[in-house]
Amino acid sequence: KQEVTQIPAALSVPEGENLVLNCSFTDSAIYNLQWFRQDPGKGLTSLLLIQSSQREQTSGRLNASLDKSSGRSTLYIAASQPGDSATYLCAVPWGNMLTFGGGTRLMVKP
Amino acid sequence: DAGVIQSPRHEVTEMGQEVTLRCKPISGHNSLFWYRQTMMRGLELLIYFNNNVPIDDSGMPEDRFSAKMPNASFSTLKIQPSEPRDSAVYFCASSRTGDSNQPQHFGDGTRLSIL
């Protein structure tokens, strides 16, 4: 059974800092890994989907890396802004289903 | 392009009542997923459909839960009878195909409170 863990569970940083969110998974036989953002009272917004053949994927100030062999992914956020405050979740497919981590709640202070 | 649409956004009802949650997937998407999110257990997949057919319902907690997809543009998740422990946020998501390489797109969820 696939298990996905995210550390830390919560993170508070001042505006402008670069930061890294971590995601680990127990079964390295994955097709891809997806990072989502969830705002309070809202659904999940897909940020990046990184294929197993890729090592990283970039979108604006976001960069996701994937190391299948070690069962890890990181989401790097450059020059953080208060608008980045949200919960960030990673997920990996297990069959056709997604298994989610518990999320990292990020607060960027002005 | 409209995203996944869920209704109602909020539902408060007394235990024992029947609850029906609704979802309209993105047009052209063939796969639909129902998830439940709680503080204790995070996001859990309940059931998913491919081409309107239920493929895996192993996540459905018990017989009180049922889901249908009568056509490609509509799905329901029903709880009968409801219990306080069913209180959670229920999300519907859709993807273009059942291929796990396709990203899933989520609705804004239904926040359910059973008193």
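Residues numbered from 1 in each chain as written. Chains lettered and ligands numbered in written order. Predicted model: local features only at pLDDT ≥ 70, side-chain atom pairs only at ≥ 80, totals over all residues. Heavy atoms only, no water.

Caption draft 1: Structural context of the packing of aromatic side chains. For the structure shown, the criterion picks out eight aromatic pairs over all chains. Between Phe-36 of chain A and Phe-100 of chain A the ring centres are 5.6 Å apart and the planes differ by 45°, which places this aromatic pair in the tilted class. Within this pair, whereas Phe-36 of chain A is found in strand β4 (residues 32–38), its partner Phe-100 of chain A is found in strand β10 (residues 97–100), the two being separated by 64 residues in sequence. You can call Phe-100 of chain A buried: its relative accessible area is 8%. Taken together, a centroid distance of 5.3 Å and an interplanar angle of 35° make the contact between Tyr-35 of chain B and Phe-106 of chain B tilted. With Tyr-35 of chain B in strand β4 (residues 31–38) and Phe-106 of chain B in strand β10 (residues 105–106), this residue pair connects regions lying 71 residues apart in the sequence. On the accessibility criterion, Tyr-35 of chain B (0% relative accessible area) is buried. Feature note: the residues Phe-36 and Phe-100 of chain A together with Phe-33, Tyr-35, Tyr-48, Phe-91 and Phe-106 of chain B constitute an aromatic cluster, connected by ring pairs. (Phe/Tyr/Trp six-rings, centres within 6.5 Å; stacked < 30°, edge-to-face > 60°. Helix = DSSP H or I, 4+ residues; strand = E, 2+ residues; numbered from the N terminus. Buried < 20%, exposed > 50% of the residue type's maximum accessible area, 1.4 Å probe, protein only.)

Caption draft 2: Highlighting the sheet that holds strand β7 (residues 65–71) of chain B. Residues and elements named next belong to chain B. If you walk across this open sheet you meet the four strands as β1-β3-β8-β7, and the pairing is antiparallel. This sheet does not close on itself; its edge strands, each paired only once, are β1 (5–7) and β7. Here the average twist between neighbouring strands, direction ignored, is 15°. As defined by bridge partners, β1 adjoins strand β3 (residues 19–24) across three bridges and the pair is classed as antiparallel. What sits directly across from Ile-5, in β3, is Lys-24. (Pairing = 2+ DSSP bridges. Axes fitted to C-alpha atoms, helices over the stretch in contact; angles between N-to-C directions.)

Caption draft 3: Structural view of the sheet that holds strand β3 (residues 19–25) of chain A. Residues and elements named next belong to chain A. Pairing within the open sheet is antiparallel, and its five strands lie in the order β1-β3-β8-β7-β6. Each edge of the open sheet is held by one strand with a lone partner, namely β1 (4–7) and β6 (56–59). Strand-to-strand twist of the sheet, defined as the mean angle between neighbouring strand axes without regard to direction, takes the value 15°. Looking at chain direction, strand β7 (residues 62–67) and strand β8 (residues 72–77) are connected through six bridges and run antiparallel. Its bridge partner lying in β8, Asp-67 is registered against Arg-72.

Caption draft 4: Layout of the state of the cysteines. Residue and element names in this part refer to chain A. In the structure shown here, the tally under the stated rule is two disulfides over all chains. What pairs with Cys-23 in a disulfide is Cys-90, and their sulfur atoms sit 2.0 Å apart. Note on the Cys-23 and Cys-90 pair: the S-S dihedral is about 80°, so by sign convention the disulfide is right-handed. Of this pair, Cys-23 sits in strand β3 while Cys-90 sits in strand β9 (residues 86–94), placing them 67 residues apart in sequence. (Disulfide = S-S within 2.5 Å.)

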